[in-house]
Amino acid sequence: MRFKYEELSKAPLLINSIYEGGSKGNPAADDPLTKLFKVDGFTKSVGNRGGFRKSTKELNGKTTKVIAYGVIFSTGKIKEWPDTYNKSTGTFIYYGDNKEPGNHYLNTKQKGNAWLKDIFVKAYGPSDARKTIPPMFVFESTGVGLNVEFLGVAVPGVKGKTRDQALELKTFGELPNQFQNYKAHLTMINIEPEGVSREWLAQLKNINGDNQKYAPKEWINFLENGPMNLNPLNSKYKESIDNTYNVTLPSEKQYLRKVRATQGKFRESLLKDSSVCKVCGMNIPELLVASHIKPWKDSNDDERIDFYNGLLLCPAHNAAFDSGYISFDSEGFIILSGLLDKKNIELLGLKENIKIQLKLRNLEYMAWHIHNVFKHK
């Protein structure tokens, strides 16, 4: 399942689902995890940088120093931190946050290693200690834009491993550039098919909340019985989740293939109708762009392939239309943004009397474009 950026503040956490980044062109503003973990009724989300991010509990709208939950984000591209996930065993190998030669492994900026040590000690300790461990939500970059995939809920420790085996202190590099870092063995636990609810996130954020209310059953099992009695997430359980939702959860590569095929058919339908730019008449098919009136990112699956949601434009006029510098009224007359100066209007070959042919079913999409995309001065 995929969730658009605009949907993230209401979205549940579903295993192997993809959560899309924004489209503002600003990595901080487009970060999907920040939006996904902004819980209704609370002021702070998680940070928008780093592989390990924390969210703290709140009291009456004010943050505390108590960690509500952690978010692990892995790109899989950092040589010093080669995080890996074995889906057959449900084991996630996560490396701590030290890679500075000469720096003590517990003295890191985000205190990630210190936190790992604390939760592993508690995980292998008594039940009362485990009940203070915040859950960890693990995400991986899909490699496309800022999109991330939710891998699951992780707990410290692995069935059959001692604490020292589950949290290894490793030495990396060669002298004089050696550094020490943790290699943590985490277990992805089984969660219910409906995923992690936003109600559980709210309970976790509330300093007076019940951390077990709305929690996955396996999370409660971990708190009560520890790592030696874990039931890890496995492919058979994942299959039951897929069957419950009756959907195929595509990989990002599969999704991109589908996107390309869909866009190809969309473009072909526009070319069959007219193989010239609607604005200037340029008629080199290879250079024409199939532009969505209501952008792809804002459209549902039906709108993305709807012939009436498209205009065939040359690259320059496509860019002007997509960026909101031009649009068209209900009669097809061009509307020029007040942000376009006279010189650029001339360079783009635009005139106020330009009129294009619009069909009745184009008009709803064009009204959306004028309201949401067009740059009104």
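Definitions and limits used
- Residues numbered from 1 in each chain as written.
- Predicted model: local features only at pLDDT ≥ 70, side-chain atom pairs only at ≥ 80, totals over all residues.
- Heavy atoms only, no water.
- Helix = DSSP H or I, 4+ residues; strand = E, 2+ residues; numbered from the N terminus.
- Buried < 20%, exposed > 50% of the residue type's maximum accessible area, 1.4 Å probe, protein only.
- Contact = heavy atoms within 4.5 Å.
- Areas by Shrake-Rupley, 256 points an atom, 1.4 Å probe, with all protein chains shown as cover.
- Lys, Arg positive; Asp, Glu negative; His and termini not counted.
- Charge placed at Lys NZ, Arg CZ, Asp CG, Glu CD.
- pLDDT = per-residue confidence, 0-100.
- Phe/Tyr/Trp six-rings, centres within 6.5 Å; stacked < 30°, edge-to-face > 60°.
- Lys NZ or Arg CZ within 6 Å of the ring centre and 35° of its normal.
- Salt bridge = Lys/Arg side-chain N within 4 Å of Asp/Glu carboxyl O.
- Arc of directions from axis to C-beta.
- Core = buried A, V, L, I, M, F, W, Y, C linked by side-chain atoms within 4.5 Å.
- Pairing = 2+ DSSP bridges.

Let us now look at the overall build of the protein. Helix and strand content of the protein: 13 helices and 14 strands. Principal-axis analysis of the C-alpha atoms gives the protein an extent of 75 × 50 × 40 Å. Classification of the 377 residues of the protein by burial places 44% in the buried group. Long-range pairs, those at least 24 residues apart, make up 61% of the contacts in the protein between residues at least 6 apart in sequence. Here the protein displays about 19500 Å² of accessible surface, and carbon together with sulfur accounts for 50% of that area. For the protein, the distance from the average site of its 53 positive side-chain charges to the average site of its 42 negative ones is 3 Å.

Turning our eyes to something else, we now look at the confidence of the model for the protein. Summary statistics for the protein give a mean pLDDT of 89 and a share of 91% for residues scoring 70 or more. With pLDDT under 50 throughout, residues 235-249 is counted as low confidence; its partners more than four residues away or in other chains account for 20 contacts.

With that settled, the discussion passes to the packing of aromatic side chains. Taken as a whole and judged by the stated rule, the model has 18 aromatic pairs. One aromatic cluster is present, built from ring pairs that chain together F3, Y19, F37, Y69, F137, F139, F150, W200, W219 and F222. Across the ring face of Y325, the terminal group of K375 is positioned such that the distance to the ring centre comes to 5.4 Å.

Here we come to the pattern of salt bridges. Evaluation of the coordinates by the stated rule reveals 9 salt bridges. Linking D40 and K10 is a salt bridge whose minimum nitrogen-to-oxygen distance equals 2.7 Å. Here D40, found in the loop between α2 (32-36) and β3 (52-59), pairs with K10, found in the loop between β1 (2-3) and β2 (18-19); they are 30 residues apart in sequence, far enough to count as distant. Classification of K10 as exposed rests on a relative accessible area of 57%. The partner of E58 in a salt bridge is K205, and the shortest N-O contact between them spans 3.3 Å. One end of the pair, E58, is in strand β3; the other, K205, is in helix α6 (residues 198-205), with 147 residues separating them in the sequence. The residues E58 and K205 share a single accessibility class, namely buried.

As a further point, take helix α13 (residues 362-372). N362, Y365, M366 and H369 are the residues of α13 that are buried. Burial along α13 is one-sided: seen end-on, the buried residues are contained in an arc of 100°. The outward face of α13, more than 90 degrees from its buried face, is lined by the exposed residues E364 and H371. For α13, the secondary structure elements touched by its buried residues are α10 (301-304), β12 (310-313), α11 (315-322) and β13 (326-328).

With that settled, the discussion passes to the nonpolar core. Ranked by internal contacts, the top residues of the largest apolar core, which has 59 residues, are Y19, F37, Y69, F137, F139 and F150. Ignoring any residue separated from it by four or fewer positions in sequence, one finds Y19 in contact with F3, L8, A11, P12, L13, L14, P32, L36, F139, N147, V148 and F150. L288, L311, F328 and I356 belong to the second-largest nonpolar core, a separate cluster that totals 26 residues.

With that out of the way, let us pick up the pairing of strand β7 (residues 136-141). In the sheet, strand β4 (residues 62-74) pairs with β7 via 5 bridges, with the strands oriented parallel. Within the sheet, the bridge partner assigned to S74 lies in β7 and is E140. By the bridge criterion, 6 bridges tie β7 to strand β8 (residues 148-156) in an arrangement that is antiparallel. By the bridge assignment for β8, S141 is matched with V148. Between β7 and β8, which pair antiparallel and follow one another directly, the connecting turn spans 6 residues, one of which, G143, has a positive phi of 90°.

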